[in-house]
Structure formats: C-alpha cells, structure tokens
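Analysis of the macromolecular model
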Amino acid sequence: MKIVVCMKQVPDTETKVRIGSDGKTIDPTDVNYVVNPYDEYAIEEALRIKEATGEGEVTILTLGPDRAINAIRTALAMGADRAIHLKTDDTYLDSHAVATALANELKNMEYDLVLTGKQAVDDDAAQIGPRVAALLDIPCATIVTKLTIENGTFTANREVEGGVEVVEGALPAMITAQKGLNEPRYASLKGIMMAKRKPVEEKEPQLDEAKVEILKMEYPPERKGGRIVGKDVDAVPELVRLLHEEAKVI
Amino acid sequence: MAGNVLIVAEQRKGQFRKAAYEVATAGRKIADDLGAEVTALVFGKDISAMAAELNAYGVDKILVSENDLFDNYAPEGFVKVILETIGNLNPEVVLFGATSQGKDLAPRVASKLGVGLASDCTGLRVENGKLIAKRPVYAGKAFIELAFKANPQIATLRPKAFTAEVKEKGKAAPVEKVSVSVDASEIKTTVKEFQETGGGKIELTEADIIVSGGRGMKGPENFKMLEELADLLGAAVGASRAAVDAGWRPHSDQVGQTGKTVSPNLYIAVGISGAIQHLAGMGSSKVIVAINKDPEAPIFQKADYGIVADLFDIVPALIEEVKKLKN
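1. A short note on the overall build of chain B
When you go through chain B residue by residue, the secondary structure sums to eight helices and 18 strands. In terms of C-alpha radius of gyration, chain B reaches 21 Å, essentially the compact-globule figure of 20 Å for 327 residues. Principal-axis analysis of the C-alpha atoms places the extent of chain B at approximately 65 × 45 × 40 Å. Residues classed as buried in chain B amount to 58% of the 327 residues present. In chain B, of all internal contacts separated by at least 6 residues, the share reaching a separation of at least 24 is 65%.

2. Topic: the nonpolar core
Counting 129 residues, the largest nonpolar core has Ala 9 and Ala 40 of chain B as its most contacted members. Looking at this core, the element that brings in the most residues is helix H1 (residues 18–34) of chain B, giving eight residues. Shared between two domains, this core holds at least three residues of each, these being domain 1 (3–186) and domain 2 (204–326) of chain B. Sequence-distant contacts of Ala 40 of chain B, defined by excluding residues within four places in its chain, comprise Ile 7, Ala 9, Ala 24, Leu 54, Val 59, Ile 62 and Leu 63 of chain B. Judged by nonpolar contacts, the second largest core, of 62 residues, contains Val 4, Ile 84, Leu 106 and Val 132 of chain A.

3. Structural notes on the domain arrangement of chain B
Accessible area lost during the coming together of the parts is what is often quoted as the interface size. Residue and element names in this part refer to chain B. When its domains are assigned, chain B resolves into domain 1 (3–186) and domain 2 (204–326). Centre-to-centre, using C-alpha coordinates, domain 1 lies 33 Å away from domain 2. Opposite the six residues of domain 1 that make contact, domain 2 presents eight residues. For the side of domain 1 that touches domain 2, the per-class residue count stands at three nonpolar, one polar and two charged.

4. Notes on the sheet that holds strand S13 (residues 190–196) of chain B
Taken together, the ten strands give an open sheet; going across it, the order is S11(A)-S5(A)-S4(A)-S1(A)-S6(A)-S10(A)-S7(A)-S8(A)-S9(A)-S13(B), and neighbouring strands pair in mixed fashion. Edge positions in the sheet fall to strand S11 (200–203) of chain A together with S13 of chain B, since each has one partner strand and no second. Averaged over all pairs of adjacent strands, the angle between strand axes in this sheet comes to 25°, irrespective of strand direction. By the bridge criterion, six bridges tie strand S4 (residues 57–64) of chain A to strand S5 (residues 82–87) of chain A in an arrangement that is parallel. By the bridge assignment, Thr 62 of chain A is partnered in S5 of chain A with His 85 of chain A. On top of the sheet, helix H3 (residues 95–106) of chain A reaches strand S1 (2–6), S4, S5 and strand S6 (113–117) of chain A; it is set at about 145° to S4 of chain A, its chief contact.

5. Focus: the packing of helix H3 (residues 75–89) of chain B against helix H4 (residues 100–113) of chain B
Any two packed helices are characterised by how steeply their axes cross, that is the angle between the axes, and by the distance between the axes. Residues and elements named next belong to chain B. H4 packs onto H3 with a crossing angle of 50° between their chain directions and a minimal axis gap of 10 Å. Regarding the angle of H3 to H4, the classification is oblique. Handedness of the crossing formed by H3 with H4: right-handed. Seen from H3, the contacting residues are Pro 75, Phe 78, Val 79, Ile 82 and Leu 83; seen from H4, they are Asp 104, Leu 105, Arg 108, Val 109 and Lys 112. Taken together, the residues of the contact of H3 with H4 break down into seven nonpolar, no polar and three charged.

6. Considerations on the sheet that holds strand S4 (residues 36–44) of chain B
To summarise the sheet geometry, strands pair through backbone hydrogen bonds and adopt either a parallel or an antiparallel arrangement. All names here are of chain B. Ordered in space as S7-S11-S6-S1-S4-S5-S12, the seven strands form an open sheet in which the pairing is parallel. With one partner strand each, in any of the chains shown, strand S7 (117–121) and strand S12 (175–177) form the two edges of the open sheet. This sheet shows a mean twist of 20° between the axes of neighbouring strands, independent of strand direction. Taken together, the three bridges between strand S1 (residues 3–8) and strand S6 (residues 93–97) define a ladder with parallel strand orientation. Residue pairing for S6: Leu 6 is matched across the bridge by Val 94. On top of the sheet, H1 reaches S1, S4, S6 and strand S11 (153–157); it is set at about 160° to S6, its chief contact.

7. Regarding the interface of chain A and chain B
Counting from both sides, the interface comprises 70 residues of chain A and, opposite them, 73 residues of chain B. Among the secondary structure elements, those contributing two or more residues to the side of chain A that touches chain B are H3, helix H4 (128–136), strand S7 (140–150), strand S8 (153–160), strand S9 (163–170), strand S12 (212–218), strand S13 (227–230) and helix H6 (235–246) of chain A. Its residues placed into classes, the side of chain A that touches chain B shows 37 nonpolar, 13 polar and 20 charged. Pairing of S13 of chain A with strand S18 (residues 305–308) of chain B involves three bridges; the strand directions are parallel. The residue of S18 of chain B that forms the bridge with Gly 230 of chain A is Ile 307 of chain B.

8. Here we look at unusual backbone geometry
At the junction of Leu 171 of chain A and Pro 172 of chain A, the peptide bond is cis and its omega measures out at 0° in the coordinates. Within the element layout of this structure, Pro 172 of chain A appears in the loop between S9 and strand S10 (173–177). Residues Asn 151 of chain B and Pro 152 of chain B are joined by a peptide bond in cis, for which omega reads -5°. Here Pro 152 of chain B shows up in the loop between strand S10 (142–148) and S11. We note that Asp 30 of chain A has phi near 65°; this positive angle belongs to a residue other than glycine.

9. So, the packing of H6 of chain A against helix H8 (residues 311–326) of chain B
Packing of H6 of chain A against H8 of chain B leaves a shortest axis separation of 9 Å and a crossing angle of 50°. Classified by the interaxial angle, the pair formed by H6 of chain A and H8 of chain B is oblique. The handedness of the crossing between H6 of chain A and H8 of chain B comes out as right-handed. Of the residues in H8 of chain B, those in contact with Val 236, Pro 237, Val 240 and His 244 of chain A of H6 of chain A are Ile 314, Ala 317, Leu 318, Glu 321, Val 322 and Leu 325 of chain B. Of the residues contributing to the contact of H6 of chain A with H8 of chain B, the split by class is eight nonpolar, one polar and one charged.

Procedures and definitions
- All chains use their own residue numbering, which begins from 1 and follows the written sequence.
- By the order in which they are written, chains take letters starting at A while ligands take numbers starting at 1.
- Residues qualify for local features only when their pLDDT is at least 70, as the model is predicted, and side-chain atom pairs are given and counted only at 80 or more; totals for whole chains, interfaces and linings, by contrast, use all residues.
- Comment: elements are numbered from the N terminus, with helices defined as DSSP H or I runs of at least four residues and strands as E runs of at least two.
- The quantity called the radius of gyration is restricted to C-alpha atoms. Its globule counterpart is 2.2 Å times the number of residues to the power 0.38.
- Using C-beta atoms placed from the backbone, we call a residue buried if 20 or more other C-beta atoms fall within 10 Å of its own, exposed if 12 or fewer do, and partly exposed for counts in between.
- This entry defines residue contacts through backbone-placed C-beta atoms, with two residues in contact when those atoms are within 7 Å.
- Structurally, a nonpolar core is described as a collection of buried Ala, Val, Leu, Ile, Met, Phe, Trp, Tyr and Cys residues joined by way of C-beta atoms within 7 Å.
- The domain limits used here are those given by an automatic or database domain assignment.
- When residue character is reported, Ala, Val, Leu, Ile, Met, Phe, Trp, Tyr, Cys and Pro are called nonpolar, Asp, Glu, Lys and Arg charged, and the others, Gly included, polar.
- In this analysis, strands are considered paired if DSSP registers two or more bridges between them.
- To get an axis, a line is fitted to the C-alpha atoms, and for a helix only the part in contact is used. The angle between two axes follows their N-to-C directions and goes from 0 to 180 degrees.
- Should an angle fall under 35 degrees it is taken as roughly parallel, and over 145 as roughly antiparallel, whereas 65 to 115 is taken as roughly perpendicular and any remaining angle as oblique.
- By convention the crossing between two helices is left-handed if the near helix lies anticlockwise of the far one by an angle smaller than a right angle, and right-handed if it lies clockwise.

Pasting the structure below:
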C-alpha cells in the first residue's frame, strides 16, 4: 500500500504568541517548531497500516520553509520511508493555496491512502483534508478515531456530536486524524540515525494564490481574574448566591 | 436588486442543531447590512414540515433538499446540491455552523469553487459591502480578521459564539423543494451506523453550563458527584486532558486545545489547574468558577469566582446549596 501523509510544521502548543511587526502573523523569535500534533496521529496510523500489511511505503508530503526539514526528519525517524518537501517562504498562504499545492503534487503520485491531522494547531482552520479530497475527487472522512482498511475499502469512526458515525468508502481516500486514533510512537535512536539516509526530495510547489487576506491579528480581550469567594465550605452559599443574583447564570 | 445570503441549516433526526438557529440569525444580520435576502437550505428525509421552523429566525426563503440518502450526512450529495443552489442564487455570503458536519462540508464546497473559507468564526461584520470574518488562531491565543478576494464569501460559525434570536416576520417564508437529484452512486462515503453516546448526554459544544473535572478529582469514581451537580444544573460534564489521559473520562468529554472548544454561560472547573491548553478550550466562557486547593493554580487568574479549598469538601456542599436554590 502506498500511503502519503500530509504533514505541517507548526509552533508547539506551549508557545507564547506575540504578534509580529506586520500586525498579521506571529513573531517567530524563540518559537519552538514541531510536527503538528494531529499529524503525528496520521503518521503513526500510516506506519501501523504498513506494518500490518507487511509491505508498502509511507511518504511524508510537507509544504513549508527551510526549517520544515526538522519536522520531516522527525517523521522519517518515526519510520516513514521518504519525503517530499515543497519549499515556500510565503507566510500568507491560506487553506486554498496550501490545498492546491498538496493536490497538485498528489496528482503526480501513486497513493492508496492519504492521511493528515484534522487541523493544524497554528491556524486551526481544519480545511486541508476535505479541500484536497475535493480537488482530487476522492472520498474523505474527517475527525477519525478508528480506521480499518480491508480489500480496497476503509471503515472509519468519526467523532461527532452525540456519538460516533461509522462511515465506509473505497480507496484511494483521504482520512483526517483525531486524537485517540492511536498513540504515536517516539522516534528511537536507531530511527533518528536511519532518518538521515532517507530521501527527501525538494521541489517548487505548484500553488494558487490565497483567497482570503489577513487584515490584522490581535490579542484576545484580557480576561482578568475575579475574586476568591472564600477558602472553605462557608464560601459555598455565597458563591451560589453570586452565580444566581450577580452573574445570573444559574 | 437584492443580493443573497445562503445559510446551510443542519438538522439531525428531524431537529435543527442549535447552531442552525445561530447561523440563521447571523445570516439575517449580515443580509440586513448588505440589503440582501436570506435563503436557508436544509438537507434530510421528509423534512419539509420541520424546515418551516426557520421562519422564526427571519429567513426569506427555505429550500429543502429531500432525499432518502440525506437521512444521514452524504457529503458529495450535499456538495452537489449546494453548488447548484449557489449557481442559481449567486449569494455574496454562504454560512454554515462549525459543527462536525459543517467543518467537513464547507471546505469541500469552497474547494470546488476555488474560493476562500473562514472557519470557526467568532465574529462577522460588513464593511463597505464586504464580509469581514473574525476567528481564533493558536487555540485562541490570538484572533485574526479576514477579508475575501471573491464571492461567495464562505464562513463556518463557531457554535454558541453567535446568539439565536427569534425574529418573526410579517409573512411566512415559502418552503420550496430543490429539484437537484442525487443517487447512491454519487456518494463516496456512506454512513453505515451511528453509535449514540449513552443516555441523553448534553453535547458539550451546545451546553449552557458545564461542570468539568481535572487531575484533582483523583479517580473516575469521583466524577459521580460532578454528574450529580451537573444533573441539578442541567449541565454537561467535561474533563481536562489529565483526566482523559488517565483514562477516567472518554476523549469526547475533553475540553481544551486537543479536545473540544466550548462557550457556555457558566464553566465550573473542579480540580483543574488551568494549563494554557485547557484555557484555550474554555476561555470564552461567559462566567468561570474555579474550585482548587492550590491558591497558585493558574485557573484563578482567569476565573470570575474562585474557592480555594479541597473540592471533596466543596462539591458536596455545592450540591446541597444548589438543591436549596431549586426549592
């Protein structure tokens, strides 16, 4: 089976966000960049499927600047076989532009399955999976917490409001990973050493221009701490009174 | 000539999602600013009658796309009908709720049209006849405002970020059946079954009140008292990542950056320290209450009301006090 994992390098979730000088994107100083956490589930799932079938190839497909190579090496160290690094320094790409770049590359590739995380933790747009699937005209299941591949079809559990929606479709297909799909492995020392020798192809992306424009970025309204009502059970009646009479939420 | 705002109103088992009413109201406001009409599109099986409910939210026209295949979400079918409807209406704006379905459907539509999409918006406004969308990024550590390069300007709206407002109009909006046909061979992902989460649990993203437990709860059995408190308040029960990772609560209950983002009127955080990633998920709650025995817990910096004490003393007392209030 040929599996492609679309992976993005993002600031880690501990990042203290500071708005940059352009007023539209974050200041990259001192930011620690990592593999998008939701893409880790996608990479892990790809590796498990390959290991279960005993054969196949996992390719990492990443659109990003030079530093993205570090995330690519992490994915290769986990066990992916090769990578394609579509290089771009553009910090104003939107989901449309990114999806066109990924889809145009995938059109030149052979794949049975495309996996990616349900969203990137920087823009939180959650659009890439369904967008790429629509461009490639392949089935797509999003927010997947369980995936089974059998006889050229997939069965996926989607975590939706009120329960789990179990869907089925034919391969090739796009699946976006939700937390809980699996437990991603850590790269072993051996994996890290081997990653250095795995091929990473650098290419120019074929992408369309962004279709939304960021006008400005701002901080959320300051949420100041309120008051400590008390330090023992005697505070409880007062808390309930405040919630009922002052805040009027109960 | 009046322009158009198209809203896709999601229903499940003959009931509109709360988000559908929120989207209708938001659509009405945008349409008023644009001098446009609001058309609602509803998918389902035998839904003409229930679709008329949208009348109460100021829509001008209701389109129903009825098909046995649409009893469940049928992505390619929904996309086909939406594209045809957009072709006919030429709307300036198309709005969806940012529910699981909306977040799956809207990008497919935007992709087919080659246009932009603002997802999970917390604000919308019109400036010089154009839509400006506000949305959170970096798990809500910042917000961006977006403008669109072309029509239709498409957005998905975060549940509970917009308020639904009943707005009866003079005459009822006509309900019209959409004539686009879709057959089974066009659907590439089919729903085989739906596994309901047990016993009428309130959906976290739709809840007005949430009682949430963290590491301080010390074990799964202790969540029983949170469930009792939640029952009394008509609340949903949430959990921090620590409680979920410990296996005490299912992932679908997790509130936070890698869980659900919620916007209730009241969020009661019990034994939750308030890590940045948790705050990302509940920071937009109207009122936050924190119960934690650690006075240094970061949650107290964001809580409107706090009690610094052992939750095992406080929660039972809170249950008794709420019972009193109800009587």
